[in-house]
Amino acid sequence: MTWHHIARMSIAAAAALGAVLLGGCSEKDEPAPPAAGTAAAAPATAAPTGQAQPSPTAPAPSPTPALTGVCPPNPDPAPATVAVVTQPAPNASVTSPLTVTGMVEAFEATFQAQLLDAQQNQLAHVVGMSQAGQMLSPFSVQLTFSVSAPTPGCLRIYQQSAKDGSDTKIVHVPVVLMP
């Protein structure tokens, strides 16, 4: 026997031993590694023959009042470079006092925060101050309100025009007001 045949047999024996030690796994059992910059998918598992696997279901949503159309039409939406509300999140259930946080670029650091019900009745209003004027800076205000049942509401953050007093640079956030 030549050294070439001995080397081939040694390699074959090592491969067989490796397969035994690894539980008989083969390359086809292992998923290929994901390409750079992609997420790996979880390996699929097959249900045993004759048994059905239950499919996952999303949790049932909790009942909340409908929030579609609770905010009035926005005549002057503020771009995110001028005003953004970070808390509360849209459609969040909120209690009083409601803490509102975000960033605003406001003339003389002054802006308005208002809470409306679905009929556009004002439930709360405060004049807020950001940390700095005429540059995007953090703010935090509290609005106190009272409702007897879960109520759709609209949080409005806006500025008033020095020219004509109209509401400008408006952010609307629909919320559910809780007792």
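Residues numbered from 1 in each chain as written. Predicted model: local features only at pLDDT ≥ 70, side-chain atom pairs only at ≥ 80, totals over all residues. Heavy atoms only, no water.

(A) Layout of the state of the cysteines. For the coordinates displayed, the defined rule picks out 1 disulfide. For cysteine 71, the disulfide goes to cysteine 154, at an S-S distance of 2.2 Å. Since a negative S-S torsion denotes a left-handed disulfide, the cysteine 71-cysteine 154 link at about 105° is right-handed. Linking cysteine 71 in the loop between helix H1 (3–21) and strand E1 (83–87) with cysteine 154 in strand E7 (residues 151–160), this pair joins segments that are 83 residues apart in sequence. The two residues cysteine 71 and cysteine 154 agree in class, both being buried. (Disulfide = S-S within 2.5 Å. Helix = DSSP H or I, 4+ residues; strand = E, 2+ residues; numbered from the N terminus. Buried < 20%, exposed > 50% of the residue type's maximum accessible area, 1.4 Å probe, protein only.)

(B) Spotlight on the packing of aromatic side chains. Across all of its chains, the model carries 1 aromatic pair by this definition. Over the ring of tyrosine 158 we find arginine 156; its NZ or CZ atom is 4.7 Å from the centre of that ring. (Phe/Tyr/Trp six-rings, centres within 6.5 Å; stacked < 30°, edge-to-face > 60°. Lys NZ or Arg CZ within 6 Å of the ring centre and 35° of its normal.)

(C) Broad picture of the pattern of salt bridges. Counted under the stated rule, the structure contains 1 salt bridge. Across the salt bridge formed by aspartate 167 and arginine 156, the nearest N and O atoms sit 3.2 Å from each other. With aspartate 167 in strand E8 (residues 167–177) and arginine 156 in strand E7, the pair connects residues that are 11 residues apart, well separated along the chain. Using a relative accessible area of 28% as the deciding quantity, one classes aspartate 167 as partly exposed. Relative accessible area serves as the criterion here: at 8%, arginine 156 is assigned to the buried category. (Salt bridge = Lys/Arg side-chain N within 4 Å of Asp/Glu carboxyl O.)

(D) How the structure looks around the environment of glutamate 105. Within the fold, glutamate 105 resides in the loop between strand E3 (98–104) and strand E4 (110–117). For glutamate 105, a relative accessible area of 30% translates into the label partly exposed. Spatially, the C-alpha atom of glutamate 105 lies 9.9 Å from that of phenylalanine 139, the residues being 34 residues apart in sequence. Leaving out residues up to four positions away in the same chain, glutamate 105 has contacts with Thr81, Val82, Gln134, Met135, Leu136 and Gln159. (Contact = heavy atoms within 4.5 Å.)

(E) Broad picture of the sheet that holds strand E6 (residues 137–143). With respect to topology, 3 strands assemble into an open sheet ordered E1-E3-E6, the strand pairing being antiparallel. If you trace the sheet from one side to the other, it starts and ends with E1 and E6, each paired once. On average, adjacent strands in this sheet sit at an angle of 30° to one another, irrespective of strand direction. Judged from the 7 bridges that link them, E3 and E6 form a sheet pairing that is antiparallel. When the bridges of E6 are listed, methionine 103 appears paired with proline 138. (Pairing = 2+ DSSP bridges. Axes fitted to C-alpha atoms, helices over the stretch in contact; angles between N-to-C directions.)

(F) Quick look at the side chain of arginine 156. For arginine 156, the side chain forms a polar contact with the side chain of glutamine 114, separated by 2.8 Å. With residues near it in sequence (within four places) discarded, arginine 156 still touches Gln112, Ala113, Gln114, Leu116, Asp167, Ile170, Val171 and His172. (Polar contact = N/O pair within 3.5 Å; in protein donor to acceptor, adjacent residues only side chain to side chain.)

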